[in-house]
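Summary of structural features
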Amino acid sequence: MHRVLLYVRSIAFLLVAFIALPAVAGPQQTLLIMGDSLSAAYGVPSETAWVQRLRDRLQSNDFDNWDVVNASISGETTDGGVRRLPELLEKNTPSVVIIELGGNDGLRGFPPDVIKSNLASMIQATQDSGARAILVGMQIPPNYGQRYTRIFADIFPALSDSYNTALVPFFLEGIYNKDSLMQSDGIHPTAEAQPRLLENVWPVLRPLLE
């Protein structure tokens, strides 16, 4: 009887200890953001920018095993992204890479085939490293004519289809046509627009975090 009682107490102790154990987080992973001024907090306080809001959301949604590395640079083009990406992939070994580039290329009238080739190289490098890519679509004003504008916009869904990547259809959806959400230059979103930028990315990003 004494042995039985000790056995029961031992089982009870183990159960209590097991229940008291903290939840074990998943392995630490890295999200790399390759962007331009839209992701580099141009003209807005860094603490209000969409990337910082993303960090906050990850923490509050039990994705605290994810680190966000923001490698965005104001004025960055796809050519710069291609040159910088290999070293960033090697250094950070990300699981997911958000590619938010191309807008500056389009605003400067770069050849669409060059833009597409550079983005394709970035996607390929990302996938070759074992990471998953999210391509962020952009659109530009018709400064160079409707044909150029259309060809530019079509680059992103075409690459997404070709490389089977996740796609944010248009980063500035719900923002670009509202004066209150755009800075005076008509190019960069205001601090008030940053939550919407995050909401445009989050539904595409979240499934890749599981």
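Quick summary incoming for the structure in this document. (Residues numbered from 1 in each chain as written. Predicted model: local features only at pLDDT ≥ 70, side-chain atom pairs only at ≥ 80, totals over all residues. Heavy atoms only, no water.)

**Looking at the environment of asparagine 92**
The condition is simple: Secondary structure elements are defined from DSSP: runs of H or I of at least 4 residues count as helices, runs of E of at least 2 residues count as strands, and each element is numbered from the N terminus. Think of it in three bands: residues with accessible area under 20% of the maximum for their type are buried, residues over 50% are exposed, and the middle band is partly exposed, with areas taken using a 1.4 Å probe on protein chains only. It only takes one pair of heavy atoms within 4.5 Å for two residues to be counted as in contact.
Take asparagine 92: it is sitting in helix H3 (residues 78-92). What makes asparagine 92 buried here is its relative accessible area of 15%. Considered as a pair, asparagine 92 and threonine 30 are 62 residues apart in the sequence and their alpha carbons are 7.0 Å apart. Not counting residues within four places of it along the chain, the set of residues in contact with asparagine 92 comprises Thr30 and Val69.

**Notes on unusual backbone geometry**
The backbone of alanine 41 sits at a positive phi, close to 60°, despite the residue not being glycine. As for its position among the elements, alanine 41 is in the loop between strand E1 (29-35) and helix H2 (50-60). At aspartate 62, a residue that is not glycine, the phi angle is positive and equals roughly 60°. Locating aspartate 62 in the fold gives a position in the loop between H2 and strand E2 (66-70).

**Let's talk about the layout of surface pockets**
This is how it is decided: Here a cavity denotes grid points, spaced 1 Å and computed from the protein atoms alone, that fit a 1.4 Å probe unable to get out, and a pocket denotes an open set having protein on both sides within 12 Å along at least 5 of 7 lines; residues with an atom within 4 Å of a point are the lining. Grid points are joined across faces, edges and corners, and a volume is the space filled by probe spheres set on the points. Polar here means any residue outside two lists: the nonpolar Ala, Val, Leu, Ile, Met, Phe, Trp, Tyr, Cys and Pro, and the charged Asp, Glu, Lys and Arg; Gly therefore counts as polar.
The volume enclosed by the largest pocket comes to roughly 320 Å³. Lining the largest pocket are 17 residues, and of these Met138, Gln139, Ile140, Pro141 and Leu172 sit closest to its centre. Of the residues in the lining of the largest pocket, the class split is ten nonpolar, six polar and one charged.

**A short note on the packing of aromatic side chains**
Selection criterion: What counts as a ring pair is set by centres within 6.5 Å for rings of Phe, Tyr and Trp (its six-membered ring), and what kind of pair is set by the plane angle: stacked under 30 degrees, edge-to-face over 60, tilted for all other angles. Should the NZ of a Lys or the CZ of an Arg lie within 6 Å of a ring centre and within 35 degrees of the ring normal, that charge is described as sitting over the ring.
Per the counting criterion, the structure on display carries five aromatic pairs. In this arrangement the basic side chain of arginine 57 is found over the ring face of tryptophan 202, its NZ or CZ atom lying 5.2 Å from the centre.

**Structural notes on the environment of arginine 196**
Tracing the chain through its elements places arginine 196 in helix H7 (residues 194-209). Sequence-wise, arginine 196 and leucine 181 are 15 residues apart; in three dimensions their C-alpha atoms are separated by 9.5 Å. Residues contacting arginine 196, with those up to four places away along its chain left out, are Glu173, Gly174 and Ile175.

**Digging into the pattern of salt bridges**
The condition that has to hold: We count a salt bridge whenever a side-chain nitrogen from Lys or Arg sits within 4 Å of a carboxyl oxygen from Asp or Glu.
Under the definition given, this model contains four salt bridges. For arginine 206, the salt bridge identified is with glutamate 210, shortest N-O distance 2.5 Å. For arginine 206, a relative accessible area of 33% puts it in the partly exposed group. The exposure class assigned to glutamate 210 is exposed, which follows from its relative accessible area of 62%.

**Structural notes on empty space enclosed by the protein**
Applying the stated rule across the entire model yields one cavity of 30 Å³ or more. In this structure, the largest cavity encloses a volume near 40 Å³. In terms of lining, the largest cavity is formed by Ser37, Leu38, Ala41, Tyr42, Val44, Gln183, His188, Pro189 and Gln194. Among the residues making up the lining of the largest cavity, the classes are represented as five nonpolar, four polar and no charged.

**Description of the nonpolar core**
The nonpolar side chains of a soluble globular protein tend to be buried, and buried together. Our working rule: In these notes, a set of buried Ala, Val, Leu, Ile, Met, Phe, Trp, Tyr and Cys residues joined through side-chain atoms within 4.5 Å is what counts as a nonpolar core.
Formed by 54 residues in total, the largest nonpolar core has its most connected members in Leu31, Trp50, Leu54, Leu119 and Leu205. Excluding its chain neighbours within four sequence positions, the residues that come into contact with tryptophan 50 are Ile33, Leu38, Ser39, Ile98, Phe171, Gln194, Leu197, Leu198 and Val201.

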